[in-house]
Amino acid sequence: MARLNARGLLSLRGAVLPLGALSLWWMVTSLGLVRGPLVVTPVQVVAVPFLDASGRELWAALGTSMARVLAGGLIGGLIGLTAGYLTGLYRLAALGLSPTVHSIRQVALFAWIPLLTAWFGNGEATKLVFTALSAFFPLFLATEQGIRQVPRPLVDVASVLNLTYLTRITKLYLPAALPSIYIGLQIAVLSAWIGTIGAEYAIGNGRGLGSFIASGRDQFRMDIVLAGVITLAAGGVLLNSLATRLSHALSPWTKDLR
Amino acid sequence: MNAHLTHAVVIRDLSRSFKGKTVLDHISLDIPAGQFVALLGESGSGKTTLLRALAGLDDDAESKGHYSRPDNVSVLFQDSRLLPWKTVIDNVKLGLRRPDARAAAEAMLADVGLGDKATAWPSTLSGGQKQRASLARSLLRAPALLLADEPFGALDALTRLRMQALLMRLVEHQRPTIILVTHDVDEALLLADRILVLKDGHIAEDHAVSLAHPRHQHQTELSLLRARLLASLGVEAGNL
């Protein structure tokens, strides 16, 4: 028990800085040290998603963004996983595909938006494609790397045991690449989340957390903007923990190593 | 041609080289079915290369000559090479397409003394236990030819003795042809029916050991052969 308490106290250390900043913000605004149309108190920010008509739109916006990030992320992630598997395993695919993907990756993600809106218009399709693109690159790179690093001795075992092609994929290559794929998944999830919000913000129309923040900014509603930003961060934390849980559930043999 | 029928392994003029460096140099060898052959040699003599050639694991070598061997081959490596993401029993029956694979794997695990470790992860086993699981995986396939590349080389002396005894007990019934690569002259003397010494990629010596099992190190025939083998491996036994 003593150990548990000590560990509990230690884990609180990380909260010191944010709580300090929050107290400072609260003091500065409630004592009236800083005034102006753009200055809001922490209480206003916390209250706005519940008490304000425009603020209440936050929940629907959050739901829409989450659905979008999951749909787009799944599409882009699966394509990245497949492409990474092929280029990781086959020389021909690596020679044909990798140089192109690695070059396209150098283009800053948000530079795609003008092009995508030209191709897919200002609606849902562009946002989904952009989210998919954000998830694609990290998973592609991680899978390619992971498959290439499958230990040669284990490949020998597969060949000695005459494993079928399907068994080799499901029981050797994919599990061996999983640690690398998990790192890719964590990066991909955050990248897709940033991509979703960024696309919503840049395109502006339709529902979503990004558009919610953009419209708050247009109305000079700092409470709405800040509530949106905090929700954005919470969404990122939630997605990250989902990715970690998924990783752990899929690799029970690493339980002792965690 | 008739000789091929009674021989499990027939090797003719087999050469292997890597990037121009010759490792196996025109090896010819006949091994009768059921014979236990130990392959001795200094590091770099080509023992492992010969074994990997027979296992079909040397795509990257320049090859000459040919060999015939049974289709049903198992390989026992120095490290256990269990898949870390499969439980012990799933490793043992990996790739087996038999309806009774699970029951057979359970029985084989009990045979090697790992009956209670079937659902354990490989990372929780000791080195000796991993090698037992690996042995179970190899023998569950009832191989006609067992290729073993220093399978006990990384184990401590006591565990090695236990594993040698276990191997002898298990192959007593199956009677596969065995080629065991080893550094350990005593291991070769205690286990094998025939001892080959490989030197610079060719077979330098070929000794039959006809003593019955179980053997022990102090039998005169073994002592004499040991001195000869050590001398041919460059160790003067008198100096120890």
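Residues numbered from 1 in each chain as written. Chains lettered and ligands numbered in written order. Predicted model: local features only at pLDDT ≥ 70, side-chain atom pairs only at ≥ 80, totals over all residues. Heavy atoms only, no water.

### Quick look at the UniProt feature "transmembrane region" (unreviewed entry) in chain A
All names here are of chain A.
Okay, so step 1: UniProt's entry tags residues 12-38, 58-80, 125-142, 180-203 and 224-243 with the feature "transmembrane region" (unreviewed entry), counted in the numbering of this structure.
Okay, so step 2: Measuring from the first to the last C-alpha atom of residues 180-203 gives 34 Å, for a span that is 100% helix and 0% strand.
Okay, so step 3: Secondary structure content for residues 224-243 is 100% helix and 0% strand, while the C-alpha to C-alpha distance between its ends is 28 Å. (UniProt positions renumbered as here; feature names shortened; annotations may be inferred. Helix = DSSP H or I, 4+ residues; strand = E, 2+ residues; numbered from the N terminus.)

### Re empty space enclosed by the protein
All names here are of chain B.
Okay, so step 1: If you walk through the whole model with that rule in mind, you get one cavity of 30 Å³ or more.
Okay, so step 2: For the largest cavity, the calculated volume is near 40 Å³.
Okay, so step 3: In terms of lining residues, the largest cavity is bounded by L51, R52, A55, L57, V75, F77, L147 and D149.
Okay, so step 4: Taken together, the elements giving at least two residues each to the lining of the largest cavity come down to α2 (47-55) and β6 (145-149).
Okay, so step 5: Per element, the largest residue contribution to the lining of the largest cavity is three residues, and it comes from α2.
Okay, so step 6: Split by residue class, the lining of the largest cavity holds six nonpolar, no polar and two charged. (1 Å grid on protein atoms, 1.4 Å probe; cavity = no way out; pocket = protein on both sides within 12 Å on 5 of 7 lines; lining within 4 Å. Points joined across faces, edges and corners; volume = space filled by probe spheres on them. Nonpolar A, V, L, I, M, F, W, Y, C, P; charged D, E, K, R; others polar.)

### Focus: the pattern of salt bridges
Two side chains that carry opposite charge are able to pair once their charged atoms sit near each other.
Okay, so step 1: Considering all chains together, one arrives at 18 salt bridges over all chains under this definition.
Okay, so step 2: For R68(A), the salt bridge is made with E124(A), and the minimal N-O distance between the two is 2.7 Å. Taken together, the positions of R68(A) in helix α4 (residues 57-89) and E124(A) in helix α7 (residues 124-148) put the pair 56 residues apart, joining distant regions of the chain.
Okay, so step 3: On the basis of relative accessible area, E124(A) is assigned to the partly exposed category, the value being 38%.
Okay, so step 4: Where K93(B) meets D90(B), a salt bridge forms, and the shortest distance between an N and an O atom there is 3.7 Å.
Okay, so step 5: You can call K93(B) partly exposed: its relative accessible area is 22%. (Salt bridge = Lys/Arg side-chain N within 4 Å of Asp/Glu carboxyl O. Buried < 20%, exposed > 50% of the residue type's maximum accessible area, 1.4 Å probe, protein only.)

### A word on the environment of A227(A)
Residues and elements named next belong to chain A.
Okay, so step 1: By the secondary structure assignment, A227 is in helix α11 (residues 222-250).
Okay, so step 2: Counting along the chain gives 181 residues from A227 to V46, while the straight-line C-alpha distance between them is 6.9 Å.
Okay, so step 3: When residues no more than four places from it in sequence are discounted, the contact partners of A227 are V45, V48, P49 and L58. (Contact = heavy atoms within 4.5 Å.)

### Here we look at the UniProt feature "domain: ABC transmembrane type-1" (unreviewed entry) in chain A
Okay, so step 1: With numbering aligned to this structure, UniProt lists the feature "domain: ABC transmembrane type-1" (unreviewed entry) at residues 62-243 of chain A.
Okay, so step 2: Secondary structure across residues 62-243 of chain A comprises 86% helix and 0% strand; the distance between its end C-alpha atoms is 18 Å.

### So, the nonpolar core
Okay, so step 1: By size, the foremost hydrophobic cluster in this structure holds 71 residues, and its most contacted members are L172(A), W193(A), L209(A), I11(B), L147(B) and I179(B).
Okay, so step 2: The element that contributes the greatest number of residues to this core is helix α9 (residues 165-203) of chain A, accounting for 14 residues.
Okay, so step 3: Residues contacting L172(A), with those up to four places away along its chain left out, are V150(A), L154(A), V155(A), A158(A), T167(A), L83(B) and W85(B).
Okay, so step 4: Formed by 48 residues, the second largest nonpolar core is a distinct cluster that contains L40(B), F152(B), L167(B) and A192(B). (Core = buried A, V, L, I, M, F, W, Y, C linked by side-chain atoms within 4.5 Å.)

### Some details on the packing of α4(A) against α9(A)
How two helices sit against one another is set out by the angle between their axes and by the gap between those axes.
All names here are of chain A.
Okay, so step 1: Two elements in contact, α4 and α9, have axes separated by 8 Å at closest approach and are oriented at 140°. By the angle between their directions, the pair α4 and α9 is classed as oblique. For the pair α4 and α9, the crossing hand works out as right-handed. On the side of α4, the interface is formed by L62, S65, M66, R68, V69, L81, Y85 and L89, while α9 contributes Y165, I169, Y173, I181, A192, W193, T196, I197 and E200.
Okay, so step 2: Residues belonging to the contact of α4 with α9 are distributed by class as follows: 13 nonpolar, two polar and two charged. (Axes fitted to C-alpha atoms, helices over the stretch in contact; angles between N-to-C directions. Parallel < 35°, antiparallel > 145°, perpendicular 65-115°, else oblique. Left-handed = near helix turned anticlockwise from the far one by under 90°.)

### Here's the deal with the interface of chain B and chain A
Okay, so step 1: Opposite the 19 residues of chain B that make contact, chain A presents 17 residues.
Okay, so step 2: For the pair chain B and chain A, the number of links is two salt bridges.
Okay, so step 3: The tally of links between chain B and chain A comes to three residue pairs in polar contact (both at pLDDT 80 or more).
Okay, so step 4: Considering only residue class, the side of chain B that touches chain A consists of ten nonpolar, three polar and six charged. (Polar contact = N/O pair within 3.5 Å; in protein donor to acceptor, adjacent residues only side chain to side chain.)

### A short note on the layout of surface pockets
Okay, so step 1: Taken as a whole, the largest pocket encloses approximately 670 Å³ of empty space.
Okay, so step 2: Looking at the largest pocket, it is lined by 24 residues, and the ones nearest its centre are L74(A), G77(A), L139(A), L185(A) and L246(A).
Okay, so step 3: Among the secondary structure elements, those contributing two or more residues to the lining of the largest pocket are α4, α7, α9 and α11 of chain A.
Okay, so step 4: In the lining of the largest pocket, the residues fall into 21 nonpolar, three polar and no charged.
Okay, so step 5: Estimated volume of the second largest pocket: approximately 440 Å³.
Okay, so step 6: What lines the second largest pocket is a set of 19 residues, and nearest its centre among them are Q164(B), M168(B), L190(B), L191(B) and H213(B).
Okay, so step 7: When residues of the lining of the second largest pocket are traced back to their parent elements, those giving at least two are α6 (157-174) and α7 (185-191) of chain B.
Okay, so step 8: Looking at the lining of the second largest pocket element by element, the count peaks at seven residues for α6(B).
Okay, so step 9: Residues that form the lining of the second largest pocket fall into these classes: ten nonpolar, four polar and five charged.

### Regarding the sheet that holds β6(B)
Residues and elements named next belong to chain B.
Okay, so step 1: The six strands lie next to each other as β5-β6-β7-β3-β8-β9, forming an open sheet whose pairing is mixed. One side of each edge strand has no neighbouring strand; the edge strands of this open sheet are β5 (73-76) and β9 (202-208). Each neighbouring strand pair of the sheet contributes to a mean axis angle of 20°, computed without reference to strand direction.
Okay, so step 2: When β6 meets strand β7 (residues 177-181), the two strands line up parallel, connected through five bridges. Bridging from a neighbouring strand, L147 pairs with I179 of β7.
Okay, so step 3: Running at roughly 145° to β6, α2 makes contact with β3 (36-41), β5, β6, β7 and β8 (194-199) of the sheet. (Pairing = 2+ DSSP bridges.)

### Regarding the pairing of β7(B)
All names here are of chain B.
Okay, so step 1: Most of β7 is tucked away, with five of its five residues classed as buried.
Okay, so step 2: Side chains of β7 alternate between two faces, with T177, I179 and V181 and I178 and L180 buried alike.
Okay, so step 3: Judged from the four bridges that link them, β3 and β7 form a sheet pairing that is parallel. Residue pairing in the sheet places F36 in a bridge with I178 of β7.
Okay, so step 4: With respect to chirality, the unit in which β6 leads through α6 into the neighbouring parallel β7 is right-handed. (Right-handed = clockwise from strand over helix to strand, strands pointing away.)

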